[in-house]
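Coordinate analysis (summary)
Chain residues, written in single-letter form:
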Amino acid sequence: MHKINVLTLGSKSFNISLEELKDHLNFKLTTINNWEDIKEFSHYDVLLVHKNYEDKNLFDDILIKLNTIKILASDSSKINSIIFTDLLLLPTSIHELNLIIENSIIKKL
């Protein structure tokens, strides 16, 4: 299997936290702070969205159309099942983060 490419859209502090953990992740991580920074979604296997992403309504319209695995990282167990494939409950461990990304890919196969 190829290295899983994950795009994370989140707050600055969320993205910084993930960047600091890069050496411990089982996937290739790209972080952005604004959905407009996304050049091409098709390069990514998984989109990890932090609960506080900006311009939610506009971004929801984009998310619905994507065939990419979409995971919501949130401290609430409520998930929009129409848009998100999985939920990563925060706070989480590195092990759990790796596991949910890898399992989401396996489920899609």
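Throughout what follows, the structure given in this document is the object of discussion. Bear in mind the structure is a predicted one, so any value in this text is a computation, not a measurement.

1. What about the pairing of strand β2 (residues 28-32)?
- Two strands pair when backbone bridges link them, and strand β1 (residues 5-9) and β2 are joined in this way by five bridges, in the parallel orientation. Looking across to β2, one finds that leucine 7 is bridged to threonine 30.
- The parallel pair β1 and β2, bridged by helix α1 (residues 12-20), forms a crossover whose chirality is right-handed.

2. Details of unusual backbone geometry
- Look at the link from leucine 90 to proline 91: it is a cis peptide, with omega at -5°.
- Mapping proline 91 onto the fold places it in the loop between β5 (86-89) and α3 (94-108).

3. Observations regarding the nonpolar core
- Counting 17 residues, the largest nonpolar core has Val6, Phe27, Val46, Leu48, Ile71, Leu97 and Ile101 as its most contacted members.
- Listing elements by their share of this core, those giving two or more residues are α1, β3 (46-50), β4 (69-74) and α3.
- Broken down by element, this core gets its largest block of residues, four residues, from α3.
- With residues up to four places along the chain from it excluded, the contact list for valine 46 reads Ile4, Asn5, Val6, Leu7, Thr68, Ile69, Ile71, Ile101, Ser104 and Ile105.
- Core analysis: the second largest hydrophobic core is formed by 11 residues, Leu9, Val49, Leu63 and Leu72 among them.

4. Considerations on α3
- In this model α3 runs 22 Å from its N-terminal to its C-terminal C-alpha over 15 residues, within 8% of the 21 Å that 1.5 Å per residue would give.
- Every buried residue of α3 is listed here: Leu97, Asn98, Ile100, Ile101, Ser104 and Ile105. Taken end-on, α3 shows its buried residues confined to a sector of 165°, consistent with a single buried face. Opposite the buried face of α3, at more than 90 degrees from it, the exposed residues are His95, Ile106 and Lys107.
- Where the residues of α3 are buried, they touch β1, α1, β3, β4 and β5.

5. Points about the sheet that holds β3
- The five strands are arranged β2-β1-β3-β4-β5 in an open sheet whose pairing can be described as parallel. Of all strands in the sheet, those bounded by a partner on one side alone are β2 and β5. Across the sheet, the axes of successive neighbouring strands diverge by a mean angle of 25°, strand direction being ignored.
- Two elements, β4 and β5, share four bridges in a ladder whose sense is parallel. Bridging from a neighbouring strand, isoleucine 71 pairs with aspartate 86 of β5.
- Contacts from α1 reach β1, β2, β3 and β4 within the one sheet, and its direction differs from that of β2 by about 160°.
- Strands β1, β3, β4 and β5 of the sheet are contacted by α3, whose axis makes an angle of about 175° with β5.

6. Things to note about the pattern of salt bridges
- In this structure the tally under the stated criterion is two salt bridges.
- For lysine 22, the salt bridge goes to glutamate 19, with nearest N and O atoms at 3.1 Å.
- Take lysine 22: its relative accessible area is 36%, and that puts it in the partly exposed class.
- Among the salt bridges present, the one from aspartate 86 reaches lysine 107, with a minimum N-O distance of 2.7 Å. Linking aspartate 86 in strand β5 with lysine 107 in helix α3, this pair joins segments that are 21 residues apart in sequence.

So, how was this worked out
- Residues numbered from 1 in each chain as written.
- Predicted model: local features only at pLDDT ≥ 70, side-chain atom pairs only at ≥ 80, totals over all residues.
- Heavy atoms only, no water.
- Pairing = 2+ DSSP bridges.
- Helix = DSSP H or I, 4+ residues; strand = E, 2+ residues; numbered from the N terminus.
- Right-handed = clockwise from strand over helix to strand, strands pointing away.
- Core = buried A, V, L, I, M, F, W, Y, C linked by side-chain atoms within 4.5 Å.
- Buried < 20%, exposed > 50% of the residue type's maximum accessible area, 1.4 Å probe, protein only.
- Contact = heavy atoms within 4.5 Å.
- Expected span 1.5 Å × (residues − 1).
- Arc of directions from axis to C-beta.
- Axes fitted to C-alpha atoms, helices over the stretch in contact; angles between N-to-C directions.
- Salt bridge = Lys/Arg side-chain N within 4 Å of Asp/Glu carboxyl O.

Any functional reading would require information beyond the geometric quantities listed.
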